[in-house]
Amino acid sequence: MPASGAVTRNTLRQQIADALRDEVLAGRLQPGEEFTVKQIADQYGVSTTPVREALVDLCAQGLLDSDQHRGFRVHQYSVDDYRNMVQARMLVVDGIFRRDAAMVPPRSAVTEPDLGIGVALVSVRRRGEAAARAARAGDLDILIGYDIRYWRELGRLVAANDYIADFLHRLRVQAWVFSVPHLRSERDVPGRLWSGHVDLVDAITRGDGEAAVAVVREYNTHSLEWADQLERRAG
């Protein structure tokens, strides 16, 4: 019985953390917004213990800040923070695609579904198609979920290293936390969104490392140009 209770609490802790992360990504919890453990516990109708644990987890992920006397607040990333996130993922992802052992060879193409990696690429491609459609439509609510899952699955598949994949996933979530408030105020949202998800999967499926690098670099250049535009507006 004690073990069952622990699992239940841990599951609740994760559910609360996921729900709050979604609130931040949707822009319903704004950067700098403050709240207490009790407020969140009351909102979800649960005890304070799993809430406190969930909030600590989100602090460790860089999404919240903790203030001993005032509770918690949504972390506010700067344009420089965002630029550094993009540069960090540039270094890591570029290295992954340039490492021959990490590239998917042509024999693993989706035409051979008996090979596990081919089946996985089919799944990733479907997520990429959905993400690209949402990006072209400027639908942030749909895009964010598909984009995060797309990159997480692709990262684990191509990096073949859970530590690297988890690091890239954390950068992805943090980048969206920064981006959402700015994108919500954009007049031309589709023009600010990258939609090359399928091109990247196709390059990986072909085993074309150079094409994969080119797609990723175009994406990162797009992100850095947007950061420069935001900085100029603020100035």
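Quick caveat, the model's predicted, so the values are computed rather than measured.

Basis of the calculations
Residue positions within a chain follow its written sequence, with the count starting from 1. It should be noted that, the model being predicted, local features are given only for residues of pLDDT at least 70 and side-chain atom pairs only at 80 or more, the latter also being counted only at that level, while totals for whole chains, interfaces and linings use all residues. In computing side-chain properties, one takes all heavy atoms of the structure into account and sets aside hydrogens as well as water. The way it works is that DSSP assigns letters per residue, a run of H or I at least four long becomes a helix, a run of E at least two long becomes a strand, and they are numbered from the N terminus. Each residue's exposure class comes from its accessible area (1.4 Å probe, protein chains only) as a fraction of the maximum for that residue type: buried when under 20%, exposed when over 50%, partly exposed otherwise. All accessibility values rest on the Shrake-Rupley procedure with a 1.4 Å probe; residue burial counts only the protein chains present in the view. Per-residue confidence from the predictor is given as pLDDT, running between 0 and 100. Every residue pair with non-hydrogen atoms within 4.5 Å of one another is taken to be in contact. Strands are labelled as partners when DSSP assigns at least two bridges between them. Between the N-to-C directions of two axes lies an angle of 0 to 180 degrees, each axis being a line fitted to C-alpha atoms and, for a helix, fitted only over the stretch in contact. Take the number of residues in a helix, subtract one, and multiply by 1.5 Å to get its expected span. Under the rule applied, a polar contact is a pair of N or O atoms within 3.5 Å (in protein, one hydrogen donor and one hydrogen acceptor; residues adjacent in sequence only if both atoms are side-chain atoms). The arc refers to the directions leading from the helix axis to the C-beta atoms.

As a further point, take the overall build of the protein chain. Along the protein chain, the regular secondary structure elements total ten helices and three strands. When the helices and strands of the protein chain are placed in sequence order, the string is α-β-α-α-β-β-α-α-α-α-α-α-α. When burial is assessed residue by residue, the protein chain has 42% of its 235 residues classed as buried. Of the roughly 12300 Å² of accessible surface on the protein chain, a fraction of 50% belongs to carbon and sulfur atoms.

Considering the arrangement of structural elements, one finds Ala120 in helix α5 (residues 116-137). Residue classification places Ala120 among the partly exposed positions, given a relative accessible area of 27%. Between the C-alpha atoms of Ala120 and Leu157, which are 37 residues apart in sequence, the distance is 7.8 Å.

This part covers the confidence of the model for the protein chain. With 88% of its residues at a pLDDT of at least 70, the protein chain reaches an overall mean of 87. Contacts of residues 1-7 to residues separated by more than four positions or lying in other chains number zero contacts, the stretch itself having pLDDT below 50.

Now for the sheet that holds strand β3 (residues 71-74). Taken in spatial order, the three strands line up as β1-β3-β2 in an open sheet, and their pairing is antiparallel. The sheet is open, and its two borders are formed by β1 (34-35) and β2 (64-67), each paired with just one other strand. Pairing analysis gives four bridges linking β2 to β3, with the strands arranged antiparallel. The residue bridging Leu64 from the neighbouring strand is Val74, located in β3. Here helix α3 (residues 48-60) sits on the sheet in contact with β1, β2 and β3, set at roughly 120° to β2.

Attention now goes to α3. Its 13 residues give α3 an end-to-end C-alpha distance of 18 Å, which sits within 8% of 18 Å, the value for a rise of 1.5 Å per residue. When α3 is considered as a whole, its buried residues turn out to be Pro50, Val51, Glu53, Ala54, Leu55 and Leu58. Two residues or fewer after α3 comes Gly62, characterised by a positive phi angle close to 85°.

This part covers the side chain of Glu186. Positionally, Glu186 belongs in the loop between α7 (162-184) and α8 (189-192). With relative accessibility at 11%, the residue Glu186 sits in the buried group. Here Arg192 takes part through its side chain, which lies 3.4 Å from a polar atom of the side chain of Glu186. Reaching out from Glu186, the side chain makes a polar contact with the side chain of Arg233 at a distance of 3.1 Å. For Glu186, the residues in contact, after removing those within four places along its chain, are Arg192, Trp226, Leu230 and Arg233.

On to helix α4 (residues 79-98). The end-to-end C-alpha separation of α4 is 28 Å, in line with the 28 Å expected for 20 residues at 1.5 Å each. Those residues of α4 that fall on the buried side of the exposure criterion are Val79, Tyr82, Arg83, Met85, Val86, Arg89, Val93, Asp94, Ile96 and Phe97. Down the axis of α4, the smallest arc covering the buried residues is 150°, so these residues share one side. The elements touched by buried residues of α4 are α6 (140-159), α7, α9 (197-206) and α10 (209-234).

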